[in-house]
Amino acid sequence: MSRTIDYGNLMHEAMRGLIRKVLQDVCDNGLPGAHHFFITFDTSHPDAELADWLSDRYPGEMTVVMQHWYDKLVVSDDGFSVTLNFGDAPEPLYIPYDAIKTFVDPSVEFGLRFETQEPDDDEGAATKRPKAPGVPLARSKTSKTPEKAPADRKASEKAKDAEIVSLDSFRK
């Protein structure tokens, strides 16, 4: 087999590096202005750490919000830990970057979605690879909050091996 450049994994690595840099800046300087984050992650990821009652309540994925109250944010090369408030009960979480499914900052209409695709038959069942690099979330024309792409667009994306992503719509 000939060597190929794995653009999907390279983009995922770069986008997770962007998330790490943003979180490190927040750790060092706090959240600026109206910035806040919605972070959806895979609660079943082997390196994710959360209270048993949270993993029982959210067995597949969970979205957390970093906005008004968060504590003990520590950013590392592989993930970050933060204490968030769940109904007046502070709970520590550790979220590996590769467990993140979406990262959204609605204050500036910025969003990333990380997806995986089912392996091709010739790749073997144990291998999964990125479907598309950090795919920006679709925006509603009536709302500034990103929303998931329509189902028909998802179906057409499954047929593609790669997708070119333009970030122009997120620039001010």
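What counts and how
Residues numbered from 1 in each chain as written. Predicted model: local features only at pLDDT ≥ 70, side-chain atom pairs only at ≥ 80, totals over all residues. Heavy atoms only, no water. Helix = DSSP H or I, 4+ residues; strand = E, 2+ residues; numbered from the N terminus. Buried < 20%, exposed > 50% of the residue type's maximum accessible area, 1.4 Å probe, protein only. Areas by Shrake-Rupley, 256 points an atom, 1.4 Å probe, with all protein chains shown as cover. Expected span 1.5 Å × (residues − 1). Pairing = 2+ DSSP bridges. Axes fitted to C-alpha atoms, helices over the stretch in contact; angles between N-to-C directions. Patch = residues over 30% accessible without salt bridge, like charges linked within 9 Å, V, L, I, M, F, W, Y side chains within 5 Å. Salt bridge = Lys/Arg side-chain N within 4 Å of Asp/Glu carboxyl O. Contact = heavy atoms within 4.5 Å. Polar contact = N/O pair within 3.5 Å; in protein donor to acceptor, adjacent residues only side chain to side chain. Core = buried A, V, L, I, M, F, W, Y, C linked by side-chain atoms within 4.5 Å.

Let us look at the overall build of the protein chain. Helix and strand content of the protein chain: three helices and eleven strands. From first element to last, N terminus to C terminus, the protein chain shows the α and β order α-β-α-β-β-β-β-β-β-β-β-β-β-α. Counting over 172 residues, the protein chain shows a buried share of 38%. Of the roughly 10,800 Å² of accessible surface on the protein chain, 50% is carried by carbon and sulfur atoms.

Let's shift gears to helix α1 (residues 7-29). For α1, with 23 residues, the first-to-last C-alpha span of 33 Å sits near the 33 Å given by 1.5 Å per residue. Taken together, the buried positions of α1 are G8, H12, M15, R16, G17, I19, L23 and V26. G30 occupies a position one or two residues after α1 and carries a positive phi of about 85°.

With antiparallel pairing, four strands are arranged side by side in an open sheet as β2-β1-β6-β7. Of all strands in the sheet, those with a lone pairing partner are β2 (61-66) and β7 (110-113), marking the two edges. Direction aside, the axes of adjacent strands within the sheet are offset by 10° on average. As judged from the six bridges shared by strand β1 (residues 37-42) and β2, these two strands associate in the antiparallel manner. Following the sheet pairing, D42 is matched in β2 by E61.

So, on to a nonpolar patch on the surface. A grouping of I5, Y7 and L10 is seen on the molecular surface, where their side chains present a nonpolar patch of about 340 Å² in accessible area. Within the secondary structure, Y7 sits in helix α1. On the basis of relative accessibility, which here comes to 58%, the residue Y7 falls in the exposed class.

Attention now moves to the sheet that holds strand β5 (residues 90-96). One open sheet holds the three strands; their spatial order is β3-β4-β5, and the pairing between them is antiparallel. Only two strands of the sheet have a single neighbouring strand rather than two, namely β3 (71-75) and β5. The mean angle between the axes of side-by-side strands here comes to 15°, regardless of whether they run parallel or antiparallel. Where α1 meets the sheet, its contacts fall on β3 and β4 (79-85), and the angle it forms with β3 comes to roughly 140°.

Take the environment of H35 next. With respect to the element layout, H35 can be found in the loop between α1 and β1. Its relative accessible area of 28% is what places H35 among the partly exposed residues. It is 7.4 Å that separates the C-alpha atoms of H35 and V108, two residues lying 73 residues apart in sequence. With near-sequence residues (within four places) excluded, H35 lies in contact with D105, S107 and V108. At a separation of 3.5 Å, a polar atom in the side chain of H35 contacts the side chain of S107.

Counting residues in hydrophobic clusters, the biggest one holds 30 residues, and the most contacted among them are V64, M66, F80 and I100. Looking at this core, the elements that each hand over two or more residues are α1, β1, β2, β3, β4, β5, β6 (100-105) and β7. The dominant element in this core, judged by the number of residues it contributes, is α1, at four residues. Apart from the residues within four sequence positions on either side, V64 is in contact with F37, F38, I39, F41, L84, F86, L93 and I95.

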